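Overview (structure and organization)
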Amino acid sequence: MEDNDRLDPHTEPVREDAGSGGFSRRRFVAGAGVAGAALVLGEGSAAASAWSNKAYNRHLGKRALSEGMAGGPTGFPGASLYQYGPDTAPGRAIAGLRKYTNNGKKRLDIKMRMWNGATGQLSQPFPKGAPAVTDVLLREANVKLHLTAIAPTDQITKNLETIATRDGSNHILVSAIEDNGDYAEAGLARKLDSFVAKYRPDWDQDYAGGHTQTEMMNMYAGSYYAVSMDGDYQVWTYRQDLFEDPTNQKNFMAKYGYELAFPTTWAHHADVAAFFTRPSQNLYGSIDLKNPSWGYSNWMMRYVSSGNPNQHYFDANAKPLIHSPAGIQATKEHVASMAWTYPDTLSKSWPEQYALMGAGGAAMATMFSNATKFIPGNPALDKGFGKYIRTEVAPGRVVNGKLIRRSIIYFNNQFVVNNFADKSMHEPAYLVLQWLSSRQIFDWLTGNPGGYMDPNRSSALNDPLVRASYKPYAADKLKTIIPHTAPTILAMRGAREYTLALDTNLQKALTKQITPEQAMASTAAAWEKITDRIGRAKQMKAIQAGLNGWPTV
Amino acid sequence: MGRSEAAVGQAVITPGQLLLLFVIAFPAVVAIYISFTGWTPDSGEPWYDAYKFWLWFGNYWEALSGSPFWAAIWRTVVVTVLAVGFEFLIGFGLALLLLKQFRGRSLLTVVFLLPMMVVPAVAGFIFYMLFQTDGPVNAALTFLLDDILNLTGPIHVGWLTNPSIALYSVTVVDIWQWTPLMFLILLSGLVALPDDQMNAARILGASWFHQLRYLVLPMMKPIILIAVIIRAMETLKLFDSAWLLTQGGPGDASSTMSIYLYRTTFIDARWGYASAVAILVLIMVSILAMRAIRPIEAASQETIEELATAEPKDAEIPIEQALDAEALSR
């Protein structure tokens with residue numbers, strides 16, 4: 001069978017579950033070692049690179065892909081987990097792309113701008129013996145993906161330049177979850193509804209959290225504009241050894257009258273954080289970020305957990321709610337939390353935070369979900385405490401008799417199709433994104449330690465590569481954390497402007513330049529100005545549509 | 001030159017002139033146009049359709065009537081006055097020290113110039129590390145004031161996180177980095193001073209201070225003014241190191257005009273408002289520059305007059321005429 005034929009969606013239908021092939025997930029988990037050794041010996045990437053493309057494709061077609069699979073990576077133990085049939089999201093994407101490459105005969109070049117810390121997951125082969133993600137795309141569809149790396153801090157600048165100059169040189173652009181609304185309204189992000197209907201991605205079926213996550217990450221005002229390739233959920237990390245230490249348990253009980261455990265409420269968190277704050281021992285209770293552009297996320301977790309099921313930022317008329325008692329209380333707690341963190345927390349960011357957590361300098365911290373991927377076993381960060389790091393859902397509040405705990409998601413590698421690129425390239429650019437974000441390919445690449453695109457799918461959290469990379473206990477906990485995740489101020493135009501106003505006032509409150517009440521009043525006033533300038537009706541519509549992205553757990 | 005030759009000459013230089021005009025004028029015209037509108041890139045309209053969001057002087061009024069703009073101006077003025085003042089004092093002092101020949105002078109000169117060669121972003125990073133609460137600056141102060149002199153306890157100054165101090169920390173970095181430029185310009189000026197007048201003063205018994213007060217400073221006046229103006233212009237645009245150190249924070253405590261503009265442009269994406277602010281700043285700086293240039297012109301005039309009065313009284317041609325190139329050619 002020719003490789004091309006195998007990608008025809010009209011060929012024999014195959015179940016999407018890779019387990020239907022000869023190398024199932026269960027069998028992989030049970031006997032990865034034995035089978036893996038055989039596969040690695042048989043198909044090293046070094047050997048593959050020495051072959052001609054044609055010979056390699058023939059080899060793959062005949063030997064490497066599991067039975068009934070149309071494409072996917074090969075050459076490493078368990079590769080079949082990431083292979084797919086023709087009538088799957090990645091299979092449909094490849095079939096669509098091949099229409100643009102004359103069934104693989106003509107090469108198509110697609111330019112993709114992305115954050116420099118993520119490129120490795122597409123360009124570096126992983127695991128041993130595997131091809132790189134970009135190599136598989138080239139091999140299967142003859143689509144060459146050219147990656148342009150930029151710093152995350154340059155994302156907005158570059159995209160605003162692209163908008164201002166109508167620059168279409170990059171077909172795919174990196175975005176962030178906060179920017180969906182702005183880029184959609186600016187005409188930068190191409191509306192993807194027609195492509196989604198035509199090629200049926202698997203986001204809804206497989207995102208941990210289902211369609212709510214799709215709404216939160218990929219949609220604005222009821223339409224698709226972005227493709228999420230990340231899971232920047234804020235998880236609470238803690239040092240298990242400290243919590244399980246009998247002396248700590250005894251002393252905590254003696255001081256507070258209840259058992260020491262990871263806190264489930266903010267009041268409880270305050271006790272635990274204060275208990276573990278021992279600067280003379282270089283130990284801090286809770287080193288949540290407080291610096292500009294990052295620290296506000298911690299305030300948000302306190303704020304959104306004040307309502308049942310959520311405390312929203314705006315009411316239905318786009319009037320701010322943050323100067324309510326809930327906002328003031330969250331701000332007071334945010335200010336009080338300065339007592340439990342390390343010096344210079346206002347200028348230190350996540351690199352210092354990760355380092356201190358790895359050095360055992362903190363009992364708790366709110367971090368990205370990749371904390372357990374990057375710290376344990378990393379000689380640069382792990383000073384012997386990485387193995388004790390565990391994760392949890394953020395603390396919360398009892399509202400109307402129910403405990404509400406909310407994480408939030410922010411930043412997040414998002415990709416949009418550049419509306420200013422040649423129109424004929426919009427569909428193939430989308431298809432590349434559908435392929436990359438599909439369950440099979442995205443699970444495979446999130447396991448790759450070469451970057452910080454984190455899992456957002458249920459399948460990834462059960463995937464052996466991802467679990468090995470993120471640690472099984474953290475992957476399991478993430479299944480609980482994701483459904484508790486609320487958005488930052490997003491899915492509306494001006495999200496960053498609203499956020500900057502909040503961030504600036506929170507910073508002033510943290511440094512006692514103003515009171516929490518003044519901070520919230522000032523933010524609310526700034527938000528009203530922004531809303532009036534952008535247009536209240538537009539914002540009301542976006543807020544209404546964005547409600548679908550909020551958690552109800 | 002015949003008329004046809006002049007026409008050819010004009011034809012040859014016209015494209016260049018137009019190109020130059022385009023390069024200079026086009027961005028300015030676009031900025032002025034956008035400043036009268038509420039256009040932003042995320043409005044979905046191209047910039048040339050910004051007229052659809054016409055506001056007349058709305059952005060200018062918002063800036064001039066709002067406290068964030070004036071607060072940013074004030075912080076910028078504080079940084080500029082302090083930074084340029086200290087850069088001048090230290091730079092001039094160093095230049096005077098290195099005016100005389102001594103062993104190791106060349107090496108010292110190179111050492112003093114080193115900070116200027118550091119990329120501003122790197123300078124920002126270096127000082128970010130130095131200014132940490134548990135960093136070397138506080139450690140050194142603790143060693144001196146606590147360990148040796150027993151005057152204080154351990155020093156825990158939040159150089160970057162205390163809103164009352166952060167702006168001055170940013171200023172210190174500018175002083176460290178750009179004093180060498182001031183030093184270089186002033187040293188060049190001092191070296192070029194005429195030896196005969198200095199020697200004459202010395203022979204006549206003028207003290208070092210009198211030489212400085214009545215000879216060096218008056219003769220250096222144009223050079224000093226140029227150095228101060230160059231540095232003031234640059235400090236008004238201070239961004240790289242300040243952004244790296246504090247990002248304008250905590251809150252907006254160290255948000256200078258450049259940082260305010262950056263935030264407005266690239267976070268708020270309010271390009272119409274940002275253009276208006278930029279133009280207001282341009283106007284203010286231009287007025288300042290014009291006022292600053294006047295003393296230079298006056299200083300130049302004084303020098304010419306001094307030269308004129310120094311000429312013999314029985315000279316056949318007045319000195320003004322002698323200095324006039326046309327008169328000389330006649």
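Residues numbered from 1 in each chain as written. Chains lettered and ligands numbered in written order. Predicted model: local features only at pLDDT ≥ 70, side-chain atom pairs only at ≥ 80, totals over all residues. Heavy atoms only, no water.

1. Regarding the overall build of chain A
The criterion, for reference: Each helix corresponds to a stretch of at least 4 residues labelled H or I by DSSP, and each strand to a stretch of at least 2 residues labelled E; elements are numbered beginning at the N terminus. For every residue, the accessible area obtained with a 1.4 Å probe (protein chains only) is divided by the maximum for its type, and the residue is called buried under 20%, exposed over 50%, and partly exposed between those limits. It only takes one pair of heavy atoms within 4.5 Å for two residues to be counted as in contact. Surface accessibility follows the Shrake-Rupley procedure with a 1.4 Å probe radius. Residue values consider only the protein chains on display as shielding.
A tally of regular secondary structure across chain A gives 27 helices and 15 strands. A buried classification covers 63% of the 553 residues belonging to chain A. Across chain A, every contact between residues at least 6 apart in sequence was considered, and the portion connecting residues at least 24 apart equals 75%. If you sum the accessible surface of chain A, you get close to 19,300 Å²; carbon and sulfur atoms cover 54% of it.

2. Some thoughts on the overall build of chain B
We apply this condition: As used throughout, the charge tally considers Lys and Arg to be positive and Asp and Glu to be negative, leaving His and the chain termini uncounted. Note on charges: their place is set at NZ of Lys, CZ of Arg, CG of Asp or CD of Glu.
Of the regular secondary structure elements, chain B holds 14 helices and zero strands. Taken along its principal axes, the extent of the C-alpha atoms in chain B is 80 × 75 × 35 Å. Expressed as a percentage of the 330 residues in chain B, the buried residues total 41%. Once local pairs closer than 6 in sequence are excluded, the contacts in chain B between residues at least 24 apart make up 64%. Looking at chain B as shown, the accessible area adds up to about 18,800 Å², and 70% of this sits on carbon and sulfur atoms. Side-chain charges in chain B split into 17 positive and 26 negative, and the spacing between the mean points of these groups amounts to 2 Å.

3. Focus on helix α2 (residues 58-65) of chain B
Our working definition: In this description, the arc belongs to the directions extending from the helix axis to the C-beta atoms.
Residues N59, Y60 and A63 of chain B constitute the buried set of α2 of chain B. One side of α2 of chain B holds all its buried residues, which, seen down the axis, span an arc of 100°.

4. Digging into the interface of chain A and chain B
How big an interface is tends to be stated in terms of accessible area lost as the parts join. Which entries qualify depends on this criterion: Here's the idea: put two parts together, see how much 1.4 Å probe accessible area each one loses, and the total over both is what we call buried area. For this analysis, a salt bridge means a side-chain nitrogen from Lys or Arg found within 4 Å of a carboxyl oxygen belonging to Asp or Glu. Any N or O atom pair separated by 3.5 Å or less is treated as a polar contact, with the protein-specific requirement of one donor-capable and one acceptor-capable atom, and with residues adjacent in sequence counted only for side-chain atom pairs.
The interface is formed by 29 residues belonging to chain A together with 30 residues belonging to chain B. In total, about 2,500 Å² of surface goes out of reach between chain A and chain B, with carbon and sulfur atoms giving 54% of it. With a shortest N-O distance of 3.2 Å, K508 of chain A and D252 of chain B are connected by a salt bridge. The tally of links between chain A and chain B comes to nine residue pairs in polar contact (both at pLDDT 80 or more).

5. Topic: the side chain of N413 of chain A
Residues and elements named next belong to chain A. In this structure, N413 sits in the loop between β13 (407-409) and β14 (414-417). On the accessibility criterion, N413 (1% relative accessible area) is buried. Within the local environment of N413, its side chain forms a polar contact with the side chain of D230, the two groups lying 2.8 Å apart.

6. Some remarks on the domain arrangement of chain B
Residues and elements named next belong to chain B. Where we set the bar: Per the annotation, domain bounds derive from an automatic or database assignment of domains.
In terms of domains, chain B is made up of domain 1 (24-56) and domain 2 (71-272). Here domain 1 and domain 2 have C-alpha centroids that lie 38 Å from each other. Taken together, the contact between domain 1 and domain 2 spans seven residues of the former and four residues of the latter. Of all residues in domain 1, the largest losses of buried area upon contact with domain 2 belong to W39, T40 and P41, amounting jointly to 62% of the total for that side. Connecting domain 1 to domain 2 are zero salt bridges. Connecting domain 1 to domain 2 are one residue pair in polar contact (both at pLDDT 80 or more).

7. Considerations on the nonpolar core
For clarity, the threshold we go by: Definition used in this section: a nonpolar core is a set of buried Ala, Val, Leu, Ile, Met, Phe, Trp, Tyr and Cys residues joined via side-chain atoms within 4.5 Å.
If you look at the biggest cluster of nonpolar residues, it comprises 159 residues, and the most contacted ones within it are W299, Y313, W435, L436 and W527 of chain A. For this core, the leading source of residues is helix α20 (residues 426-436) of chain A, giving seven residues. When residues of this core are sorted by domain, at least three fall in each of domain 1 (24-56) and domain 2 (71-272) of chain B. Counting residues in each nonpolar core, the second largest holds 25 residues, with I185, L186, L215 and V216 of chain B among its members.

8. Digging into the environment of A429 of chain A
Residues and elements named next belong to chain A. Of note, A429 is situated in helix α20. By relative accessible area, which is 0% here, A429 ends up buried. As a C-alpha pair, A429 and D109 span 320 residues in sequence and 9.8 Å in three-dimensional space. Other than its neighbours up to four places away in sequence, A429 contacts I110, H171, I172 and V417.

9. What to know about unusual backbone geometry
Following F126 of chain A, the chain continues to P127 of chain A via a peptide bond in cis, the omega torsion being -5°. The topology assignment puts P127 of chain A in the loop between α6 (120-123) and α7 (133-141). Cis geometry marks the peptide bond from G249 of chain B to P250 of chain B, where omega comes out at 0°. Residue position: P250 of chain B is located in the loop between α10 (240-246) and α11 (257-266). The backbone of N400 of chain A shows a phi angle near 50°, a positive value even though the residue is not glycine. Position of N400 of chain A relative to the elements: it lies in the loop between β11 (396-399) and β12 (402-405). In this structure N400 of chain A comes out as exposed when scored by relative accessible area, which is 71%.

10. Considerations on the pairing of β12 of chain A
Residue and element names in this part refer to chain A. Note the cut-off: Being paired, for any two strands, means DSSP has found at least two bridges between them.
Pairing between β11 and β12: four bridges, direction antiparallel. Among the inter-strand pairings, V398 is bridged to a residue of β12, identified as L403. Hairpin geometry of β11 and β12 is characterised by an intervening segment of two residues between the two adjacent antiparallel strands and by a positive phi of about 50° at N400.

11. Considerations on the environment of V122 of chain B
Residue and element names in this part refer to chain B. Topologically, V122 is positioned in helix α5 (residues 120-130). In this structure V122 comes out as partly exposed when scored by relative accessible area, which is 40%. On a C-alpha basis, the gap between V122 and G249 in space is 19 Å, while along the polypeptide they are 127 residues apart.

12. Some words on the packing of helix α8 (residues 155-165) of chain A against α11 of chain B
To be explicit about the condition: As a rule, the C-alpha atoms of each element are fitted with a line to give its axis, helices using only the stretch in contact, and angles between N-to-C directions run from 0 to 180 degrees. Note that the term roughly parallel is reserved for angles under 35 degrees, roughly antiparallel for angles over 145, roughly perpendicular for angles of 65 to 115, and oblique for everything else. The nonpolar class holds Ala, Val, Leu, Ile, Met, Phe, Trp, Tyr, Cys and Pro. Asp, Glu, Lys and Arg form the charged class, and all remaining residues, Gly among them, are polar.
Here α8 of chain A crosses α11 of chain B at 60°, and the two axes come no closer than 10 Å. As judged from the angle between their axes, α8 of chain A and α11 of chain B are oblique. Between α8 of chain A and α11 of chain B, the contacting residues are I156, T157 and L160 of chain A on the first element and Y262, T265 and F266 of chain B on the second. Among the residues making up the contact of α8 of chain A with α11 of chain B, the classes are represented as four nonpolar, two polar and no charged.

13. Brief notes about the packing of aromatic side chains
Residues and elements named next belong to chain A. Going by this rule: Two rings from Phe, Tyr or Trp (for Trp, the six-membered ring) form a pair when their centres are within 6.5 Å of each other. A pair whose planes differ by under 30 degrees is stacked, one over 60 is edge-to-face, and the rest are tilted. Either the NZ atom of lysine or the CZ atom of arginine qualifies as a charge over a ring when it sits within 6 Å of the ring centre and within 35 degrees of the ring normal.
For the structure shown, the criterion picks out 55 aromatic pairs over all chains. When the ring centre of Y342 is taken as origin, the NZ or CZ atom of K348, which lies over that ring, is 5.0 Å away. Positioned above the aromatic ring of Y473, the side-chain terminus of R390 is 3.7 Å from the ring centre.

14. Let's talk about the confidence of the model for chain B
Residues and elements named next belong to chain B. So the rule is basically this: pLDDT runs from 0 to 100 and stands for how confident the predictor is about each residue.
Mean pLDDT over chain B stands at 87; residues scoring 70 or higher make up 91%. Within the model, pLDDT remains below 50 along residues 312-330, and this stretch shows eight contacts once partners closer than five positions in the same chain are excluded. Taken over the whole predicted complex, pTM reads 0.83, whereas the ipTM for its chain interfaces reads 0.80.

15. Observations concerning the sheet that holds strand β9 (residues 362-368) of chain A
All names here are of chain A. Read from one edge to the other, the open sheet built from four strands follows the order β8-β9-β7-β10, with strand pairing classed as mixed. The sheet is open, and its two edges are formed by β8 (284-286) and β10 (389-392), each paired on a single side. Looking at each pair of strands side by side, their axes are set apart by 35° on average, direction ignored. Packing against the sheet, helix α18 (residues 350-358) makes contact with β7 (234-239), β8, β9 and β10, and its axis sits at approximately 140° to β9. The strands touched by helix α24 (residues 472-481) within the sheet are β7 and β10, with β10 carrying the most contacts at an inclination of about 15°.

16. With respect to the pairing of β7 of chain A
Residues and elements named next belong to chain A. Counting buried residues along β7, six of its six residues qualify, which places the element largely inside the surrounding structure. Of the two faces of β7, the one lined by Q234, W236 and Y238 and the one lined by V235, T237 and R239 are each fully buried. Relative to β9, β7 is paired through five bridges, and the arrangement is antiparallel. What sits directly across from V235, in β9, is M367. By the bridge criterion, four bridges tie β7 to β10 in an arrangement that is antiparallel. Bridge pairing links R239 to I389 in β10.

17. Some details on a nonpolar patch on the surface
Defined as follows: Like charges are joined within 9 Å and nonpolar side chains (Val, Leu, Ile, Met, Phe, Trp, Tyr) within 5 Å, but only among residues with over 30% relative accessible area and no salt bridge; these make up the patches.
On the surface, a cluster of nonpolar side chains totalling about 640 Å² of accessible area is made up of F102, L107, L108, V110, V111, L114 and M117 of chain B. Turning to its location among the elements, L107 of chain B is positioned in helix α4 (residues 105-117).

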